[in-house]
Amino acid sequence: MRKATTPPALSTLILMTATSVVTLNMIVPSLANIARDLEADYALVGLALGGYLAVSAAVQLGLGPLADRIGRRPVLLAALAVFTLASLGCAVAQTVWMLLAFRMLQAAVVSGYVLSLAIVRDTAGEAEAARLLGRIGMAMALAPMLGPMLGSVLDAAFGWRMAFLLLAVAGAGLWCLAWSDLGETLRPSAGTGDDGGRLAALLREPLFWCHALCTAFSTGAFYIFLAGAPRIATTVFGIGTAQLGVYVGSITAGFVAGSWLSSRLVGRHPPATVMLMGRMLACLGLLAGLAVIAMGHLTPALYFGCTVFVGLGNGMTTPNSNAGAMSVRPRLAGSAAGITGALTVLGGALTTTLTGLALSGEPSPTLLILLMLLASFLGLLAAAAVRLNRAASRVTST
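Fair warning: this is a prediction, and the values are worked out from it, not measured in the lab.

## Observations concerning the packing of helix H5 (residues 72–92) against helix H9 (residues 161–181)
Packed helices, taken two at a time, are described by their axes: the angle between them and the distance between them.
Right, so step 1: Axis separation between H5 and H9 bottoms out at 8 Å; the angle between their running directions is 160°. The pairing of H5 with H9 is recorded here as roughly antiparallel in orientation. Of the two elements, H5 crosses H9, and the hand of that crossing is left-handed. Along the contact surface, H5 presents Arg73, Leu77, Leu80, Ala81, Phe83, Thr84, Ser87, Leu88, Cys90, Ala91 and Val92, while H9 presents Arg161, Phe164, Leu165, Leu167, Ala168, Gly171, Ala172, Leu174, Trp175, Ala178 and Trp179.
Right, so step 2: Of the residues that constitute the contact of H5 with H9, the class distribution is 17 nonpolar, three polar and two charged.

Here it is as structure tokens:
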């Protein structure tokens, strides 16, 4: 294979992103079998998810600045190599501690997501980056749905170790693909200078935090839905397992549609405008849900039909908020993507925990909508702050 010298194809970035997302939940159907085979407590095996999320947040915080310093290509190739070896280690693990150790190292694959965002921003302006991130976002929405399905099939047919073997093969394939297709996109001048000072300057930028918080709060509404919707569906509406995936997956279908819509709209409207439109759409959909409940027309179709607007709004928001965060200081696109990603993961862990506690008693459909509306409204405030901040900057410059 010849070493790549040109920017990667969009399909390469989509595969990198999808693999980083699938790795998180592909093993969910196998957790019980892993606990039984390794003679471990189920709660301890559960760290393969919770602990993985925590480590992935730390990895994002570290890889972003490192990629801004030495380049996207070497960091991504090293991370994919670690992920491939870690996946093999998980596949042959004989104890739960060995499995968890290698599972934490698997978090290196999150570089595929973080650096794909940075690479898009390296090679495109803010509006074009938002359009491309919308297309990548469609893959991010589909991957979480396919991961558990594939994992359950592999577990039933070959055992839980096969899922890790498949991830190892995928990691090796992605490494070869990155070597042959992913040329360095960081400009030579961008990797020199006072890195600490430039990062500190980014962290002092209100506009960066407005974009990052918009992403975190918007995604937080989605995490709240994932934590509470299955309980509402089964307890309140009596929805069976066969239908549960359809209703819970409806928000993902909304996200795919929103991502596609965002990629079409940013060619006609500024990214900040599309971002704000997405936030308003999410809030209006949830307000409609509260109205439906207040009028006594509580049916599964109407209830989950209203929550679809959260997915639709998020699909319109997050490509633009991510592109905006990386555009505040384009030379620090990797750092911006890493910080935003870590903030989103930590926010997701917090919101799912709080939602579980809030719905631990008698599950309330109204409470779930209110929690989602709170997160969506905070995202709306952050999006509005972006518009105000940019308007103030234009006035100052004139």
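## Digging into a nonpolar patch on the surface
Right, so step 1: A grouping of Leu142, Met145, Leu146 and Met149 is seen on the molecular surface, where their side chains present a nonpolar patch of about 380 Å² in accessible area.
Right, so step 2: With respect to the element layout, leucine 146 can be found in helix H8 (residues 126–158).

## Some points on the side chain of threonine 17
Right, so step 1: When you line up the elements, threonine 17 lands in helix H1 (residues 10–25).
Right, so step 2: Judged by relative accessible area, threonine 17 falls into the buried class, the value being 1%.

## Description of the packing of aromatic side chains
Right, so step 1: Using the criterion set out here, one finds eight aromatic pairs in the structure.
Right, so step 2: When the ring of tryptophan 175 is compared with that of tryptophan 179, the centres are 5.6 Å apart and the planes differ by 10°; the resulting orientation is stacked. Taken together, the residues span about one helical turn, with tryptophan 175 and tryptophan 179 both in helix H9 at a distance of four residues.
Right, so step 3: The partly exposed category is assigned to tryptophan 175, whose relative accessible area is 29%.

## With respect to the pattern of salt bridges
Right, so step 1: Using the criterion set out here, one finds five salt bridges in the structure.
Right, so step 2: Its salt-bridge partner being arginine 36, residue aspartate 37 comes within 3.6 Å of it at the nearest N-O pair.
Right, so step 3: Its salt-bridge partner being glutamate 128, residue arginine 131 comes within 2.6 Å of it at the nearest N-O pair. Here the residue arginine 131 and the residue glutamate 128 both occupy positions in helix H8, the gap between them amounting to three residues, near one helical turn.
Right, so step 4: A relative accessible area of 26% means that arginine 131 is categorised as partly exposed.
Right, so step 5: Residue classification places glutamate 128 among the partly exposed positions, given a relative accessible area of 34%.

## Considerations on the nonpolar core
Right, so step 1: Counting 103 residues, the largest nonpolar core has Leu99, Phe164, Phe208, Tyr303, Phe304 and Met372 as the members making the most contacts within it.
Right, so step 2: In terms of residue count, helix H11 (residues 206–236) provides more of this core than any other element does, 11 residues in total.

## A few points about the packing of helix H4 (residues 47–70) against helix H15 (residues 333–358)
Right, so step 1: Viewed as axis vectors pointing N to C, H4 and H15 meet at an angle of 170°, and their least axial separation amounts to 7 Å. For the element pair H4 / H15, the angle class is roughly antiparallel. Contacts between H4 and H15 involve Leu53, Ser56, Ala57, Gln60, Leu61, Gly64, Pro65 and Asp68 from the first element and Ala333, Gly334, Ser335, Ala337, Gly338, Ile339, Gly341, Ala342, Val345 and Leu346 from the second.
Right, so step 2: Its residues assigned to classes, the contact of H4 with H15 shows 10 nonpolar, seven polar and one charged.

## Focus on H9
Right, so step 1: With 21 residues, H9 ought to run about 30 Å at 1.5 Å a step, and its terminal C-alpha atoms sit 30 Å apart, in line with that.
Right, so step 2: The set of residues buried in H9 consists of Ala163, Phe164, Leu167, Ala168, Gly171, Leu174 and Ala178. Buried residues along H9 cover an arc of 145° about the axis, so they all sit on one side.
Right, so step 3: Buried residues belonging to H9 abut H1, helix H2 (31–37), H5, helix H6 (96–106) and H8.

Rules of the game
Residues numbered from 1 in each chain as written. Predicted model: local features only at pLDDT ≥ 70, side-chain atom pairs only at ≥ 80, totals over all residues. Heavy atoms only, no water. Axes fitted to C-alpha atoms, helices over the stretch in contact; angles between N-to-C directions. Helix = DSSP H or I, 4+ residues; strand = E, 2+ residues; numbered from the N terminus. Parallel < 35°, antiparallel > 145°, perpendicular 65-115°, else oblique. Left-handed = near helix turned anticlockwise from the far one by under 90°. Contact = heavy atoms within 4.5 Å. Nonpolar A, V, L, I, M, F, W, Y, C, P; charged D, E, K, R; others polar. Patch = residues over 30% accessible without salt bridge, like charges linked within 9 Å, V, L, I, M, F, W, Y side chains within 5 Å. Areas by Shrake-Rupley, 256 points an atom, 1.4 Å probe, with all protein chains shown as cover. Salt bridge = Lys/Arg side-chain N within 4 Å of Asp/Glu carboxyl O. Buried < 20%, exposed > 50% of the residue type's maximum accessible area, 1.4 Å probe, protein only. Phe/Tyr/Trp six-rings, centres within 6.5 Å; stacked < 30°, edge-to-face > 60°. Core = buried A, V, L, I, M, F, W, Y, C linked by side-chain atoms within 4.5 Å. Expected span 1.5 Å × (residues − 1). Arc of directions from axis to C-beta.

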